[in-house]
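Examining the three-dimensional arrangement
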Amino acid sequence: MLKVKLPDGSVREYSRPVRPIDVAEEIGPRLAKATLAAEVDGQVVDSVTPLPESGEATLKLLTRKDPEALRIMRHSCAHVMARAVMRLFDNVQLAFGPTIENGFYYDFDMPHKLSEEDFPKIEAEMAKIVRDDEEFERIEVPRDEAVKICRDLAQTLKVEHIASGLADERTLSFYRQGEFLDLCRGRHIPSAGAIGAFKLLSVAGAYWKGDASRQQLQRLYGTAWFTKEELDKYLAMIEEAKRRDHRVLGKQLELFTVSPLVGQGLVLWLPRGAIIRGQLEAFVRDELIKRGYEPVYTPNIGRVELYQISGHYPYYADSQFKPIEMEEGERYLLKPMNCPHHVMIYRSKPRSYRDLPVRLAEFGTVYRYEKSGELGGMTRVRGFTQDDAHIFCTEEQVGDEFRQCIAMAQLVLRTLGLDDYRVRLGFRDPASDKYVGKAESWAKAEAAIERVARDMNLPGCTPELGEAAFYGPKIDFVVTDCIGREWQLGTVQLDYNLPSEDRFALEYIGPDNKPHRPVMIHRAPLGSMERFIGVLIEHFAGAFPLWLAPEQARVLTVTEKAEEYGRGVEQNLRAEGLRVSGDYRAEKLGAKIRDAQLKLIPYMFVVGERDAAAGTVSVRDRLEGDLGAMPVAAAIDKLKAEVAAKTIRQVVKTTAGLGERGESNEY
RNA sequence: GCUAGCGUAGCUCAAUCGGCAGAGCGGCUGAUUUGUAAUCAGCAGGUUGUGGGUUCAAGUCCCUCCGCUAGCUCCA
């Protein structure tokens, strides 16, 4: 006897073997038709997976209204795509085909080089498969037999995966759809007909099992939705997101440029972009002073020996610009990090426990030779400036200092309306040898970080192994760009290693008149100015809040008769510290307004003969439109108040969500 | 670095099968004097990313290099 509890609270009893689809059928044929999968006691299963024979089970039938059903359908669509590819091309080896945030992909190893030209015929074949509406049939077999099946199908990647990735599984499952049989954990929709609308998006290379030393596969990306309308809406959203890409807006709004002649990944800040950066730097600098940091300046190069001590060289040699070779074997490195220089400032004199914490801050420009394929826009570059600082403190001060660093990073993000971030705890991967320092130091540091994260209630941060810096664990603030990629912005890192005996052997004299070892904290609330502002451009879709806007206001004259008055107003505003320009062209007002609106200028000061006579300006708000005439002084006060408050009036929250935050690989 | 795609005026893009390199915006000049999202006219602007090849003829086809884009790998 089985008791089945449904979400509405009703209970059904069965004395015969029963599947979710049978329960649905009993409730109504329409529901049965709509049922794509089921959730039994919180576990997602196929609609035809038998329920337990006795006891109690809570059952939820999943239809296209449930997000989980959408993910399952997309995975089924990945199978349909793989089936189509195998029909169209010879010698196709299947690898992995999981769902991702808004779609799916499948990796293939095959002789034919896929390109976008192949998409229409693959899509046509997929449409045929969907139209045929064949069932997905689950088959479970012992692992020996699974190996045999994959061998018989000449699917060598699957054979390898059973031996390595699935070494612990006793039975393995396959899904069959017509002639297509694929090793797969599932789940799947009952039949292909439920796939409403799909589209192939791109093809790219991907290494088998993420290992760059192994063969490169061809990865086909697609998206699928239950209806054509949803698909179209999604595609429109991607288009919209591309329009606010910081590379597009950076060009349009003249914020930055990159010249191949200067070098790949080396950002040239144009005057308008430089204003934004300058304002942000001033904001951060003020905060640092309030928090007891001391500004320092250090050079852009340092001797290789310095980085040998720190461990950066030769460990990161292949992502550094090659050393500059001087006579007599002297070699200099463009600095890849600021910490060794700051360490040398700490070491420039004996330190007492009374001096600690020592907090050394610098907008330090560093250079890293990122591989060419990784560069892009402002988010991944070869030269960038960190809002860097290093804190040298006692063991006892670590907790407080670390907390304050996180609080400052949070303040900065909050001030900019960037509340859509996730916090990542980067711990070391014990299996890797890329870290320096003793296991005890690491354990101590990781425990300290975890404690702070818990105390501060940081949202959703579970430790991620392998995400640590080579010298210590860290907390990163991670945001998503307009096309769904994640970027690390702010970071706070705890370091027991650079101060250690093996590295820089830092000391301070304690109250006991004996030398002690300080602890180091590396921190940068913005991270890199380049990346941060790249993300910020997309966050505001180019429409910066007044305090950051390169051009805060523009004086627009109605006719040339008001030019003299207009120029006076412009001077007035400039004298009050506002960033202002004037449009005195012999254009109609409407045209001047349009130009200013398109340049995303927050305020327009319209002046005509009426204003000249009354000593007013007619203020036009970029968002609200015409606010009417007001005395010039009142307008200035209004803007100054908004600047002082750092008011955020408009941000963009959506991303196109092409990101990887989906399921783990279905096999 | 790897796989795929792309590179035409300052910007966005067009150019049929290999057959005289074009448009809009922007810029400059002139006319117009206009009160809340585009006034009209004229002019200038190009070694089609680079170097080579095929051809009577190359923006278009082939090769090299440079750069950009997506993804993979990496990211102190």
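About the thresholds
- Residues numbered from 1 in each chain as written.
- Chains lettered and ligands numbered in written order.
- Predicted model: local features only at pLDDT ≥ 70, side-chain atom pairs only at ≥ 80, totals over all residues.
- Heavy atoms only, no water.
- Salt bridge = Lys/Arg side-chain N within 4 Å of Asp/Glu carboxyl O.
- Helix = DSSP H or I, 4+ residues; strand = E, 2+ residues; numbered from the N terminus.
- 1 Å grid on protein atoms, 1.4 Å probe; cavity = no way out; pocket = protein on both sides within 12 Å on 5 of 7 lines; lining within 4 Å.
- Points joined across faces, edges and corners; volume = space filled by probe spheres on them.
- Nonpolar A, V, L, I, M, F, W, Y, C, P; charged D, E, K, R; others polar.
- Domains from an automatic or database assignment.
- Axes fitted to C-alpha atoms, helices over the stretch in contact; angles between N-to-C directions.
- Parallel < 35°, antiparallel > 145°, perpendicular 65-115°, else oblique.
- Left-handed = near helix turned anticlockwise from the far one by under 90°.
- Contact = heavy atoms within 4.5 Å.
- Near = heavy atom within 4 Å.
- Polar contact = N/O pair within 3.5 Å; in protein donor to acceptor, adjacent residues only side chain to side chain.
- Pairing = 2+ DSSP bridges.
- Buried area = accessible area lost by both parts, 1.4 Å probe.
- Buried < 20%, exposed > 50% of the residue type's maximum accessible area, 1.4 Å probe, protein only.
- Core = buried A, V, L, I, M, F, W, Y, C linked by side-chain atoms within 4.5 Å.
- Phe/Tyr/Trp six-rings, centres within 6.5 Å; stacked < 30°, edge-to-face > 60°.

1. A short note on the pattern of salt bridges
Under the definition given, this model contains 49 salt bridges. Linking Asp182 and Lys158 is a salt bridge whose minimum nitrogen-to-oxygen distance equals 3.0 Å. On the criterion of sequence distance, the pair formed by Asp182 in strand E11 (residues 180-183) and Lys158 in helix H6 (residues 156-163) is long-range, its members being 24 residues apart. Residue Lys242 pairs with Glu239 through a salt bridge whose shortest N-O separation is 4.0 Å. With a gap of three residues between them, Lys242 and Glu239 both fall in helix H7 (residues 228-243), about one helical turn apart. Via salt bridges that share partners, Arg83, Arg87, Glu125, Lys128, Glu134 and Glu179 belong to a single interconnected network.

2. A word on the layout of surface pockets
The volume enclosed by the second largest pocket comes to roughly 570 Å³. If you trace the second largest pocket, you find 26 residues lining it, with Ala32, Lys33, Thr35, Leu36 and Pro190 closest to the centre. Looking at the lining of the second largest pocket element by element, the count peaks at four residues for helix H2 (residues 29-34). Grouping the amino acids of the lining of the second largest pocket by side-chain chemistry returns twelve nonpolar, six polar and eight charged. There are two domains that each give the lining of the second largest pocket at least three residues, and those are domain 1 (2-63) and domain 2 (68-242).

3. Some details on empty space enclosed by the protein
Using the criterion set out here, one finds two cavities of 30 Å³ or more in the structure. Here the largest cavity is characterised by a volume of approximately 130 Å³. Taken together, Ala543, Phe544, Pro545, Leu546, Pro602, Asp621, Arg622, Leu623, Glu642, Arg649 and Gln650 form the lining of the largest cavity. Among the residues forming the lining of the largest cavity, the class breakdown is six nonpolar, one polar and four charged. Within this model, the second largest cavity holds a volume of roughly 100 Å³. Along its surface, the second largest cavity is lined by 14 residues, and Arg272, Gly542, Pro550, Lys599 and Leu600 are the ones closest to its centre. Across the lining of the second largest cavity, the residue classes tally to ten nonpolar, one polar and three charged.

4. Topic: the packing of helix H9 (residues 271-290) against helix H15 (residues 529-539)
Helix-helix packing is characterised by the crossing angle of the two axes and by the distance between the axes. The contact between H9 and H15 brings their axes to 11 Å, and the two run at 110°. Relative to H15, H9 is oriented roughly perpendicular. With respect to the hand of their crossing, H9 and H15 are arranged in right-handed fashion. Two secondary-structure elements touch here, H9 through Ile276, Arg277, Leu280 and Glu281 and H15 through Met529, Glu530, Phe532, Ile533 and Leu536. Taken together, the residues that form the contact of H9 with H15 break down as six nonpolar, no polar and three charged.

5. With respect to the protein's contact with RNA strand B
Lining the immediate surroundings of RNA strand B are 63 residues, of which Gln216, Met337, Ser372, Arg594 and Ser618 lie closest. Considering RNA strand B, the proportion of its atoms within 4 Å of the protein that are sugar or phosphate atoms stands at 51%. Contacts to RNA strand B include Arg485, whose side-chain N or O atom sits 2.8 Å from a phosphate oxygen. Here a base nitrogen of RNA strand B and a side-chain polar atom of Gln597 are 3.0 Å apart.

6. Concerning the sheet that holds E11
Read from one edge to the other, the open sheet built from three strands follows the order E9-E10-E11, with strand pairing classed as antiparallel. A single partner strand is all that each edge strand has here, and the edge strands are strand E9 (137-142) and E11. The average undirected angle you get between the axes of adjacent strands in this sheet is 25°. Judged from the four bridges that link them, strand E10 (residues 171-177) and E11 form a sheet pairing that is antiparallel. The residue of E11 that forms the bridge with Phe174 is Leu183.

7. Section: the domain arrangement of chain A
Structurally, chain A comprises domain 1 (2-63), domain 2 (68-242), domain 3 (265-296 + 336-539) and domain 4 (553-645). Put simply, the middle of domain 1 and the middle of domain 2, counted by C-alpha atoms, are 28 Å apart. Contacts between the two partners involve nine residues from domain 1 and, on the opposite side, eleven residues from domain 2. For the pair domain 1 and domain 2, the two sides together bury roughly 780 Å², of which 65% comes from carbon and sulfur. If you sort the residues of domain 1 by the area they bury against domain 2, Leu36, Val44 and Asp46 come out on top, with a joint share of 67%. Joining domain 1 to domain 2, the criterion identifies zero salt bridges.

8. Some thoughts on the environment of Ile601
Its location among the elements puts Ile601 in the loop between helix H17 (589-598) and strand E31 (603-607). Residue class for Ile601 comes out buried when judged on its relative accessible area of 1%. Between the alpha carbons of Ile601 and Arg277 there is a distance of 17 Å; along the sequence they are 324 residues apart. Each residue touching Ile601, except ones within four places of it in the same chain, is listed here: Glu551, Gln552, Ala553, Arg554, Ala596 and Arg622.

9. Regarding the nonpolar core
By size, the foremost hydrophobic cluster in this structure holds 65 residues, and its most contacted members are Leu280, Ile475 and Leu494. By residue number, the principal contributor to this core is helix H13 (residues 398-415), which donates eight residues. Residues in contact with Leu494, not counting those within four places in the same chain, are Val398, Phe402, Ala445, Ala448, Ile449, Tyr471, Gly472, Pro473, Val519, Met520 and Ile521.

10. A look at the environment of Val492
Take Val492: it is sitting in strand E25 (residues 486-495). Overall, the relative accessible area of 2% leaves Val492 in the buried class. It is 5.5 Å that separates the C-alpha atoms of Val492 and Lys474, two residues lying 18 residues apart in sequence.

11. A word on the packing of aromatic side chains
Under the criterion given, the structure shown has 15 aromatic pairs. Between Phe96 and Trp208, the ring centres sit 5.2 Å apart and the planes meet at 25°, which makes this aromatic pair stacked. Linking Phe96 in the loop between strand E6 (93-94) and strand E7 (99-100) with Trp208 in the loop between strand E12 (197-207) and strand E13 (216-225), this pair joins segments that are 112 residues apart in sequence. For the pair shown, Phe96 and Trp208 are each scored as buried. Pairing Tyr346 with Phe392 gives two aromatic rings, centres 4.6 Å apart and planes at 25°, and the pair type is stacked.

12. Some points on the sheet that holds strand E18 (residues 324-325)
With antiparallel pairing, the three strands of this open sheet are ordered in space as E17-E19-E18. The sheet is open, and its two edges are formed by strand E17 (301-303) and E18, each paired on a single side. Summarising the sheet, E18 and strand E19 (residues 331-334) pair through two bridges and their orientation is antiparallel. What sits directly across from Ile324, in E19, is Tyr332.

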